[in-house]
Every structure is written in C-alpha cells, then in structure tokens.
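Close look at the chain arrangement
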Amino acid sequence: AIDHMAGVALSVWDERPDHPVPLSVRSRRAVAAFQLVFRGAHEHGVLPPVLAELTYSLSVLGHWQVLASLPEPADSPELAKLATVARLTTRGDLNAEDRYQRMRELVIGEGGEDASGPFAEYFRFELANRAHIVGRLDDAASPVLKIEHPLIGRGAVFGLADNALR
C-alpha cells in the first residue's frame, strides 16, 4: 500500500506533456498520498524511507500548509523529527537565522554528527537550504554533497550551483 501511494504521489514529477492526468490533479493526489503514508507509517510503526521523498516533494511543490499542520507523533521519534523539520520550514514567525539554528540542532545535534535515519536525505536538503538562505555557504555545501537520492539530490545540486555563483 505504501509503495502504491508513493507511486501516486511521485507521479507529480513525470514531466511528459502527454501524461493522462493533469499536473494540478497529480499535485493534489500527492498531498493525499503523503497524508495517507504518514498516517499509515504512524499507525503501523514503520518508517518508510519514501516519506523523505514525499516530504521533499510537498515542500518543493509549495504545499506548506500541509507540512505546517503535520502532527507530531509522540510515540515515534523519527516521525516526530520529520514533522518538526517539515513544520520548521514553514515558520514565517521565525527569522531565517533562527530557523536555521533550530533545524541545525534537530538535524545535526550538539555533537555535530551528520543527519541519520530513514529521512536523512530530506533533512540534509532542508538544512542546506536554510544555511544557503542565511548566507552560510560552506555550511550549505556539506549536507548537499552527502545527498545520494536522485530526486532530492537533483534539487540540491541547484543549490550548490547557486552557491558557486555567489
């Protein structure tokens, strides 16, 4: 079921002009599929790595209200961390530096260790974005270089290119 929902959500990235489903419909389906996968992961106590791709997709597509309203499952630390990072990206009440510092604390922690767990690629992407926004270009490059996932990595490469131009 998770694989099917992920396929529905990720079809939003299919750029064929002859795709039988309009992009606007696929975008709405991506939201519904994400919510079902997130809820299912929580209910069944699983951590499907595809949630990193789905969260990344919603962020890039601009579905910030969905991310802002994510619950924080107290009984699943990794899902709670995913929800917290996703919600942090949407916080307009915090300045960029505060968002970066809070995200850095969540993702890297006190010891300076790298992001880990099933959602690490998404965490690296968002942390790099926040570092880039506040002008910490060296800090932005490090997480991007560690992203191996093709979908998330493709988006991250544009951030690196922008850093190089600065």
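Residues numbered from 1 in each chain as written. Predicted model: local features only at pLDDT ≥ 70, side-chain atom pairs only at ≥ 80, totals over all residues. Heavy atoms only, no water.

This next bit is on the environment of Val 31. Its place among the elements puts Val 31 in helix H2 (residues 23-44). Judged by relative accessible area, which is 13%, Val 31 ranks as buried. C-alpha of Val 31 to C-alpha of Leu 61: the two residues are 30 residues apart in sequence and 9.8 Å apart in space. Not counting the four nearest positions on each side in its chain, Val 31 is found in contact with Leu 58, His 63 and Val 66. (Helix = DSSP H or I, 4+ residues; strand = E, 2+ residues; numbered from the N terminus. Buried < 20%, exposed > 50% of the residue type's maximum accessible area, 1.4 Å probe, protein only. Contact = heavy atoms within 4.5 Å.)

The subject of this paragraph is the packing of helix H1 (residues 2-10) against H2. Across the interface, H1 lies against H2 with an axial gap of 8 Å and an inter-helix angle of 155°. Classed by the angle they form, the pair H1 and H2 counts as roughly antiparallel. Viewed along their axes, H1 and H2 form a crossing whose handedness is left-handed. Facing Ile 2, Met 5, Val 8 and Ala 9 of H1, the residues of H2 in contact are Arg 29, Ala 30, Ala 33, Leu 36 and Val 37. Looking at side-chain class alone, the contact of H1 with H2 contains eight nonpolar, no polar and one charged residues. (Axes fitted to C-alpha atoms, helices over the stretch in contact; angles between N-to-C directions. Parallel < 35°, antiparallel > 145°, perpendicular 65-115°, else oblique. Left-handed = near helix turned anticlockwise from the far one by under 90°. Nonpolar A, V, L, I, M, F, W, Y, C, P; charged D, E, K, R; others polar.)

Compared with the 18 Å implied by 1.5 Å per residue over 13 residues, the 18 Å span of helix H5 (residues 77-89) between its first and last C-alpha is a close match. With 11 of its 13 residues buried, H5 lies for the most part within the structure. Among the residues making up H5, those that are buried are Leu 79, Ala 80, Lys 81, Leu 82, Ala 83, Thr 84, Val 85, Ala 86, Arg 87, Leu 88 and Thr 89. Those residues of H5 hidden inside the fold are in contact with H2, helix H3 (50-61), helix H4 (64-68), helix H6 (96-107) and helix H7 (120-133). (Expected span 1.5 Å × (residues − 1).)

Now for the pattern of salt bridges. Think of it this way: side chains of opposite charge can pair up when their charged atoms draw near. Counted according to the given criterion, the structure contains seven salt bridges. Two residues, Glu 72 and Arg 87, come together in a salt bridge whose shortest N-O distance is 2.6 Å. Of this pair, Glu 72 sits in the loop between H4 and H5 while Arg 87 sits in helix H5; the two residues are 15 residues apart in sequence, bridging distant segments of the chain. Overall, the relative accessible area of 47% leaves Glu 72 in the partly exposed class. (Salt bridge = Lys/Arg side-chain N within 4 Å of Asp/Glu carboxyl O.)

Core analysis: the biggest nonpolar cluster contains 41 residues, and Phe 34, Phe 38, Leu 51, Leu 82, Val 107, Tyr 122 and Phe 123 have the highest contact counts within it. Those elements giving two or more residues to this core turn out to be H1, H2, H3, H4, H5, H6, H7 and helix H9 (150-165). In terms of residue count, H2 provides more of this core than any other element does, seven residues in total. (Core = buried A, V, L, I, M, F, W, Y, C linked by side-chain atoms within 4.5 Å.)

In the structure shown here, the tally under the stated rule is five aromatic pairs. Measuring from ring centre to ring centre gives 6.1 Å for Trp 13 and Tyr 56, while their planes differ by 25°; the resulting arrangement is stacked. Of this pair, Trp 13 sits in the loop between H1 and H2 while Tyr 56 sits in helix H3, and the two are 43 residues apart along the sequence. Judged by relative accessible area, which is 27%, Trp 13 ranks as partly exposed. Of the residues examined, Tyr 56 reaches a relative accessible area of 4% and is grouped as buried. When the centroid spacing of 6.2 Å and the interplanar angle of 55° are considered together, the rings of Tyr 122 and Phe 123 count as tilted. What makes Tyr 122 buried here is its relative accessible area of 0%. Overall, the relative accessible area of 0% leaves Phe 123 in the buried class. Grouped by ring-pair contacts, the aromatic residues Trp 13, Tyr 56 and Phe 125 constitute a single cluster. (Phe/Tyr/Trp six-rings, centres within 6.5 Å; stacked < 30°, edge-to-face > 60°.)

Turning next to the environment of Asp 114. Relative to the helices and strands, Asp 114 is located in the loop between H6 and H7. With 28 residues separating them in the primary sequence, Asp 114 and Ser 142 have C-alpha atoms 9.7 Å apart.

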